[in-house]
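Single-letter residue listing:
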Amino acid sequence: MNMLVTVGKNWTIGNGGQRLVSIPEEQKLLREETLGKAVVMGRKAFEQLPGKQPLYGRDTFVLTRDPGFRPKGVTVCNSIEETLEKLKSYPTEDIYILGGESVFRQFLPFCHIIHVTFIDYAYQGDAVFENLDQSEQWQMVLESEEQTYFNLCYSFRMYQRKISE
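Residues numbered from 1 in each chain as written. Predicted model: local features only at pLDDT ≥ 70, side-chain atom pairs only at ≥ 80, totals over all residues. Heavy atoms only, no water.

Draft legend 1. Layout of the pattern of salt bridges. Per the stated rule, a full pass over the model turns up eight salt bridges. A salt bridge links Lys-86 to Glu-82, with the shortest nitrogen-to-oxygen separation between them at 3.0 Å. A residue pair is termed a helical-turn pair when its members lie 3 or 4 positions apart in one helix, as Lys-86 and Glu-82 do in helix 3 (residues 80–87) at four residues. For Lys-88, the salt bridge goes to Glu-85, with nearest N and O atoms at 3.1 Å. A single network of salt bridges, built from pairs that share partners, joins Asp-133, Glu-143 and Arg-157. (Salt bridge = Lys/Arg side-chain N within 4 Å of Asp/Glu carboxyl O. Helix = DSSP H or I, 4+ residues; strand = E, 2+ residues; numbered from the N terminus.)

Set out below in C-alpha cells:
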C-alpha cells in the first residue's frame, strides 16, 4: 500500500480539521498516482473534497465510525478490518491512503511506500504524521529538487519501508 501526505518541516499535517495548504503540483501528483486505483480516507478528509464528491476515476473508500454516513459513489467502511477486507481485490500497489491523521496512523503498518510533499515551513497544528526521518522503519529513497509555490519552498520525497533482516 501507498500513502500520500503533505507535511510541514515539523511533520504537522493539519490544524482544526483543515489541511495545511493546497499546492497545484501536489494535486497533479495525486491525480497521476491514483487515477484508476483505490483511495482510502476518513470521513473528515472526504468532506473536504470539492462538493463532498468522490475523486473522479478512483474507487473511493471512506473509513468512519458514523453508521449513518452513506454518500453516493463511495464504499463506506466502519473499521480498519472491514476496509482491509474490501481492499483484498486490489493489487497492494494500487491502494493509496490519503488521510487524515487517524487513518494514516491505522494504515501505516500496512504501507510500503509513502509519498511526502515536504514543505520547508513549521506549521502550527493539531494533527501530525510520524517523523519518517527519525524512524528506523523508513528510509528516503527519492527527493525532488526544491520547488516553490508563491513563498513556499517544498520538495517531493518518497520513503520506502526498510526490509527486515
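Draft legend 2. Looking closely at the packing of aromatic side chains. Overall, the coordinates contain ten aromatic pairs when judged by the stated rule. Summarising the aromatic geometry, the rings of Trp-11 and Tyr-159 are spaced 6.1 Å apart at their centres and angled 70° between planes, so their arrangement reads as edge-to-face. Residue Trp-11 is found in the loop between strand 1 (2–8) and strand 2 (12–15), and its partner Tyr-159 is found in strand 12 (residues 152–161); the two are separated by 148 residues along the sequence. You can call Tyr-159 buried: its relative accessible area is 1%. With centroids separated by 4.8 Å and ring planes inclined at 70°, the aromatic side chains of Tyr-149 and Phe-150 adopt a geometry described as edge-to-face. Of note, Arg-157 hangs over the ring of Phe-118, and the distance from its end group to the ring centre comes to 3.7 Å. (Phe/Tyr/Trp six-rings, centres within 6.5 Å; stacked < 30°, edge-to-face > 60°. Buried < 20%, exposed > 50% of the residue type's maximum accessible area, 1.4 Å probe, protein only. Lys NZ or Arg CZ within 6 Å of the ring centre and 35° of its normal.)

Draft legend 3. Structural detail: the sheet that holds strand 3 (residues 18–19). In space, the three strands of this open sheet follow the order 3-2-9, with antiparallel pairing throughout. Each edge of the open sheet is held by one strand with a lone partner, namely strand 3 and strand 9 (127–128). Looking at chain direction, strand 2 and strand 9 are connected through two bridges and run antiparallel. Its bridge partner lying in strand 9, Thr-12 is registered against Val-128. (Pairing = 2+ DSSP bridges.)

Draft legend 4. Representation of the pairing of strand 4 (residues 38–42) within the structure. The buried fraction of strand 4 is high, at five of five residues. The alternating pattern of strand 4 places Ala-38, Val-40 and Gly-42 and Val-39 and Met-41 on opposite faces, both of which are buried. Inspection of the sheet shows strand 4 paired to strand 5 (residues 59–63) by five bridges, in the parallel sense. Looking at strand 5, one finds that Met-41 is bridged to Val-62. In this structure, strand 4 lies alongside strand 7 (residues 95–99), joined through four bridges in parallel fashion. Bridge pairing links Val-39 to Tyr-96 in strand 7.

Draft legend 5. Just unusual backbone geometry, in detail. Along the chain, Gly-99 connects to Gly-100 via a cis peptide bond; the corresponding omega equals 5°. Of note in the backbone geometry, Trp-11 takes a positive phi value of approximately 65° without being a glycine. Judged by its relative accessible area of 3%, Trp-11 falls in the buried class. The phi angle at Lys-52 is positive, at roughly 50°, despite the residue not being glycine.

Draft legend 6. Here's a closer look at the nonpolar core. Formed by 28 residues in total, the largest nonpolar core has its most connected members in Met-3, Ile-97, Phe-107, Ile-114, Val-116 and Phe-129. Only strand 1, strand 4, strand 5, helix 3, strand 7, helix 4 (101–107) and strand 8 (113–119) provide two or more residues apiece to this core. Apart from the residues lying within four places of it in its own chain, the contact partners of Val-116 are Val-5, Val-7, Trp-11, Leu-132, Ser-155, Phe-156, Arg-157 and Tyr-159. Judged by nonpolar contacts, the second largest core, of 22 residues, contains Leu-20, Leu-30, Val-74 and Tyr-123. (Core = buried A, V, L, I, M, F, W, Y, C linked by side-chain atoms within 4.5 Å. Contact = heavy atoms within 4.5 Å.)

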